[in-house]
Amino acid sequence: MNAKALKKVLFIDRDGVIVEETQVDSLEKIRFIPHVMEALRTIRRQTDYLLVMVSNQDGVGTPSFPMEDFKLCHDRIIQILEGEDASFDDQRIDFSLPQDGCPGRKPGTAMLADYMDGQYDLENSFMIGDRASDMQLARNLGCSGIWFHEGHEGGEGIVLETSSWLEVASFLTGCDMEHRKAHIVRTTKETSIDLTVDLDGNGRGCIETGIGFFDHMLEQLVRHGRLDVEAHLEGDTWVDEHHSVEDMALCLGKAVLSALGDKRGIQRYGFDLLCMDEVHCEVSMDFSGRSDLVFDGRFSREYVGSFPTEMIRHFFKSFSNEARCSLYIAFSDGNAHHQAEAVFKAFARALRMAVRRISGSDEVVSTKGVLE
Ligand SMILES: [Mg+2]
């Protein structure tokens, strides 16, 4: 007879861990901790832990904290978590005051007695909390502690101290949930570039290349690719734009490739189809590890403002060389500014899709097992 595997549990505090620490007695006081939903969703999908909320809610039911106020807010927190596929399997909440000496109040274990009946693998379970009493509860349960606060000095049974849910999720799943970033500094006799790229950003950044139209196109990349980019370039624009555009593309390609690491868990392929006024554009890409560019389109003018449109093709050729990706770009006739902007927007959206992480996956999307 096969012994049935014991279930592992994540006991998780609420205030200070799921939502910010305060007496949450009105809806406007609900403020979720950054990345908690993303992290819980990943943990739910990638692991088999039972998620159990364990909370002390001091004095609920007294005039200063009516039960209906608590319930309104707590039900809303649970409802929002469920909507994000970050729901809990069970909840245990103690409403007593410290002076009541209730055995169910953390770090007491009375309200968790049924998790201590031998049916659960507590040795490989965790208590995640922001207070010393949570870490004492971990010890009382016989599980490990994850102290959701920085600046402590460890303690018996504490295996991780952090205030980052992404770090907690990385620790529990073995997958890196942190932002994928790269910083490139490149100096030649022609250009000097300092570039930071965050593939998991929010479309923010500061771009200064000294070439107005090029800045405008790179801002499309940031906004529509939802990359965070800090880019500062000083180039020999007194010669022309060539070195600046080429070197920025090389650095961007290098930064994206570096931030992708071993490309584990990414979509790999990305595509987009869009129109901008009269211009139709399509872009597809593959982070295969091989460089190629098909650029199927003809700009209606040689310059947009003072920017030579031939440099747009060269930008994408340079990017694909360093990012080691295949890139297909096609666009219709039309206004040259619309053509250029459509290409950068569609490229940004295709890039966003290709680098996106598949939730719950750490696989390399290749039958070869590597994408180099
Ligand atoms: Mg707490």
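Bear in mind that the values here come from a model prediction, so they are computed numbers and not experimental data. (Residues numbered from 1 in each chain as written. Predicted model: local features only at pLDDT ≥ 70, side-chain atom pairs only at ≥ 80, totals over all residues.)

### Things to note about the overall build of the protein
Inference 1: A tally of helices and strands in the protein yields 8 helices and 16 strands.
Inference 2: Scaling as 2.2 N^0.38, a compact globule of 372 residues should have a C-alpha radius of gyration of about 21 Å, whereas the protein reaches 26 Å, well beyond that.
Inference 3: When the backbone C-alpha atoms are referred to their principal axes, the protein occupies close to 80 × 55 × 40 Å.
Inference 4: For the protein, the proportion of contacts with a sequence separation of at least 24, taken over those separated by at least 6, is 70%. (Helix = DSSP H or I, 4+ residues; strand = E, 2+ residues; numbered from the N terminus. Rg over C-alpha atoms; globule rule 2.2 N^0.38 Å. Contact = placed C-beta atoms within 7 Å.)

### Considering the domain arrangement of the protein
Inference 1: The domains assigned to the protein are domain 1 (9–173) and domain 2 (181–355).
Inference 2: Distance from the C-alpha centre of domain 1 to the C-alpha centre of domain 2: 44 Å. (Domains from an automatic or database assignment.)

### Things to note about the nonpolar core
Soluble globular proteins tend to pack their nonpolar side chains together in the buried interior.
Inference 1: Ranked by internal contacts, the top residues of the largest apolar core, which has 54 residues, are Val197, Met248, Leu252, Val343 and Phe347.
Inference 2: Looking at this core, the elements with two or more residues in it are β8 (191–198), α5 (212–225), β10 (228–235), α6 (242–260), β12 (279–286), α7 (310–323), β16 (326–331) and α8 (336–355).
Inference 3: Of all the elements, α8 adds the most residues to this core, at 11 residues.
Inference 4: Sequence-distant contacts of phenylalanine 347, defined by excluding residues within four places in its chain, comprise Leu221, Val283 and Ile329.
Inference 5: Core analysis: the next-biggest nonpolar cluster, separate from the first, contains 37 residues, Val19, Val24, Ile128 and Trp147 among them. (Core = buried A, V, L, I, M, F, W, Y, C linked by C-beta atoms within 7 Å. Buried ≥ 20, exposed ≤ 12 C-beta atoms within 10 Å, placed from the backbone.)

### Section: the sheet that holds strand β13 (residues 292–296)
Inference 1: Sheet architecture is open: 4 strands sit in the order β11-β12-β16-β13, paired in mixed fashion. Strands with a single pairing partner mark the edges of an open sheet, and in this sheet they are β11 (269–276) and β13. Neighbour to neighbour, the strand axes of the sheet diverge by 5 degrees on average, direction disregarded.
Inference 2: Across 5 bridges, the pairing between β13 and β16 is parallel. Within the sheet, the bridge partner assigned to aspartate 296 lies in β16 and is alanine 330.
Inference 3: Here α7 sits on the sheet in contact with β13 and β16, set at roughly 160 degrees to β13.
Inference 4: Packed on one face of the sheet, α8 meets β11, β12 and β16 and runs near 150 degrees to β11. (Pairing = 2+ DSSP bridges. Axes fitted to C-alpha atoms, helices over the stretch in contact; angles between N-to-C directions.)

### Some words on the packing of α6 against α7
Inference 1: It is at 7 Å that the axes of α6 and α7 come closest, and there the two elements cross at 30 degrees. Of the possible angle classes, the one that applies to α6 and α7 is roughly parallel. Along this stretch, α6 crosses α7, giving a crossing that reads as right-handed. Residue-level inspection shows His242, Val245, Glu246, Ala249, Leu250, Leu252, Gly253, Lys254, Val256 and Leu257 of α6 in contact with α7, the latter providing Met311, His314, Phe315, Ser318, Phe319, Ser320, Asn321, Glu322 and Ala323.
Inference 2: Taken together, the residues of the contact of α6 with α7 break down into 10 nonpolar, 6 polar and 3 charged. (Parallel < 35°, antiparallel > 145°, perpendicular 65-115°, else oblique. Left-handed = near helix turned anticlockwise from the far one by under 90°. Nonpolar A, V, L, I, M, F, W, Y, C, P; charged D, E, K, R; others polar.)

### Re the sheet that holds strand β9 (residues 205–208)
The strands that make up a sheet pair up through hydrogen bonds in the backbone, lying either parallel or antiparallel.
Inference 1: Strand order across the open sheet formed by 4 strands is β7-β8-β10-β9, with mixed pairing between neighbours. Either end of the sheet is taken by a strand with one partner, and the two such strands are β7 (181–187) and β9. Neighbour to neighbour, the strand axes of the sheet diverge by 5 degrees on average, direction disregarded.
Inference 2: Note that β7 and β8 share 7 bridges and pair antiparallel. Across the sheet, residue alanine 182 finds its bridge partner in β8, namely valine 197.
Inference 3: Relative to β9, α5 is tilted by about 155 degrees, and along the sheet it contacts β9 and β10.
Inference 4: On top of the sheet, α6 reaches β7, β8 and β10; it is set at about 35 degrees to β8, its chief contact.

### Describing α7
Inference 1: With 14 residues, α7 ought to run about 20 Å at 1.5 Å a step, and its terminal C-alpha atoms sit 20 Å apart, in line with that.
Inference 2: Turning to α7, its buried residues number three or more, namely Met311, Ile312, Phe315, Phe316, Ser318, Phe319, Ser320 and Ala323.
Inference 3: On its buried face, α7 is in contact with α6, β13, β15 (307–308), β16 and α8.
Inference 4: Looking one or two residues past α7, arginine 324 carries a phi angle of roughly 50 degrees, positive in sign. (Expected span 1.5 Å × (residues − 1).)

### Observations concerning the packing of α5 against α8
Inference 1: Taken N-terminus to C-terminus, the directions of α5 and α8 make an angle of 35 degrees; their axes are 8 Å apart at the nearest point. The chirality of how α5 crosses α8 is right-handed. Contacts from Met217, Gln220, Leu221, His224 and Gly225 of α5 reach α8 at Ala340, Glu341, Phe344, Lys345, Phe347, Ala348, Arg349, Leu351 and Arg352.
Inference 2: Grouping the constituent residues of the contact of α5 with α8 by class yields 7 nonpolar, 3 polar and 4 charged.

### Examining the pairing of β9
Inference 1: Taken together, the 4 bridges between β9 and β10 define a ladder with parallel strand orientation. In the sheet register, glutamate 208 faces β10, and the bridge partner there is histidine 232.
Inference 2: With α5 bridging β9 and the parallel β10, this β-α-β connection has left-handed handedness. (Right-handed = clockwise from strand over helix to strand, strands pointing away.)

### Structural notes on unusual backbone geometry
Inference 1: Cis rather than trans, the peptide bond between lysine 106 and proline 107 has omega equal to 10 degrees.
Inference 2: The phi dihedral of histidine 35 is positive, around 70 degrees, even though this residue is not glycine.
Inference 3: As for its placement among the helices and strands, histidine 35 is situated in the loop between β1 (9–12) and α1 (36–46).
Inference 4: Assessed through the 17 C-beta atoms surrounding it within 10 Å, histidine 35 is described here as partly exposed.

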